[in-house]
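# Residue-level structure breakdown
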Amino acid sequence: MIKSQDADTPERRRPGRKPTVSREAWLEGAWALLAEGGDEGLRVEVLARRLSITKGSFYWHFADREALLQAVLDAWEKRESEGLTAQLHGGGEKQKPKAQLRALLAWLAPRLGGEAGLRLWARRDKACAKVVATIDAQRLSVLEKAFAATGSGGKGSGGKESAARARLAYALLLTDPFLQTPGETAEAAEERALKLLVKGK
């Protein structure tokens, strides 16, 4: 169960008044705070200041902080699941297996790099952990198939090598941002990781 860290009291909605900030703007701002400091840093007062608005607008869209956390988690799950499907079934010419694998890894790299706060939250919250595990499983399954398509599955291995490569690639993309060398941009770090994971054309 997602637990609230604030004891926010909803303000009464006045008839005829409309929210000045959209629900999507609150969710976008909440995701930014979550990425910066995990769920403990995601507080309504802080978020309202970040959006340069009073808390009144918040209660037009969410009952309380717990509802906001759940909405952020739901939105992330939907976005990532749909994004992965679009990545797999997007238009364009048929690419070679290694090019497809590289494109998939390039799509995943920045996403994983921005999920540190979410994963901190998942370590403390079972509901969040369950959602993260679901998305991780989807991504790993797709990666495993992508590696297998390149012929790296290993004959007679029963797909074990492809599964191992997928997990290693995923782990590298998750942790590499923390090992970024001084002066290196995030884009350069991602490119370095991609070259290591996908050699040749």
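Read on for a plain summary of the structure. On a predicted model such as this, the values are computed, not experimentally measured, just so you know.

Another aspect to go through is the packing of helix α7 (residues 126-149) against helix α8 (residues 160-175). Packed helix pairs are characterised by how far apart their axes lie and by the angle those axes make with each other. Running from amino to carboxyl end, α7 crosses α8 at an angle of 125°, the nearest separation of the two axes being 8 Å. Classified by the angle between their axes, α7 and α8 sit oblique to one another. In this structure, the crossing between α7 and α8 has a hand that is right-handed. Along the contact surface, α7 presents Asp136, Arg139, Leu140, Leu143, Glu144, Phe147 and Ala148, while α8 presents Ser162, Ala163, Arg165, Ala166, Arg167, Ala169 and Tyr170.

Our focus in this paragraph is the packing of helix α5 (residues 97-113) against α8. The interhelical angle for the contact between α5 and α8, taken along N-to-C directions, is 45°, at an axis separation of 8 Å. Taken together, the axis directions place α5 and α8 in an arrangement best described as oblique. α8 is crossed by α5, and the crossing has right-handed handedness. On α8, the residues that touch Leu105, Leu108, Ala109 and Leu112 of α5 are Ala169, Tyr170, Leu173 and Leu174. When the residues that make up the contact of α5 with α8 are grouped by side-chain class, the tally is eight nonpolar, no polar and no charged.

Turning to the nonpolar core, a few remarks are in order. Among the nonpolar cores identified, the biggest contains 26 residues, and Leu42, Leu68 and Leu118 are the most heavily contacted of them. Elements represented by at least two residues in this core include exactly α1 (23-37), α2 (44-50), α3 (58-61), α4 (65-88), α6 (116-124) and α7. With residues near it in sequence (within four places) discarded, Leu118 still touches Trp31, Leu34, Leu73, Trp76, Cys128 and Val132. Grouped together as the second largest cluster of nonpolar side chains are 21 residues, Leu84, Ala109, Leu173 and Leu194 included.

What follows covers the pattern of salt bridges. Taken as a whole, this structure holds 13 salt bridges when the rule is applied. The salt bridge involving Glu80 is made with Arg79; its shortest N-O contact spans 3.5 Å. Of the residues examined, Glu80 reaches a relative accessible area of 4% and is grouped as buried.

Thresholds, definitions, all that
- Residues numbered from 1 in each chain as written.
- Predicted model: local features only at pLDDT ≥ 70, side-chain atom pairs only at ≥ 80, totals over all residues.
- Heavy atoms only, no water.
- Axes fitted to C-alpha atoms, helices over the stretch in contact; angles between N-to-C directions.
- Helix = DSSP H or I, 4+ residues; strand = E, 2+ residues; numbered from the N terminus.
- Parallel < 35°, antiparallel > 145°, perpendicular 65-115°, else oblique.
- Left-handed = near helix turned anticlockwise from the far one by under 90°.
- Contact = heavy atoms within 4.5 Å.
- Nonpolar A, V, L, I, M, F, W, Y, C, P; charged D, E, K, R; others polar.
- Core = buried A, V, L, I, M, F, W, Y, C linked by side-chain atoms within 4.5 Å.
- Buried < 20%, exposed > 50% of the residue type's maximum accessible area, 1.4 Å probe, protein only.
- Salt bridge = Lys/Arg side-chain N within 4 Å of Asp/Glu carboxyl O.

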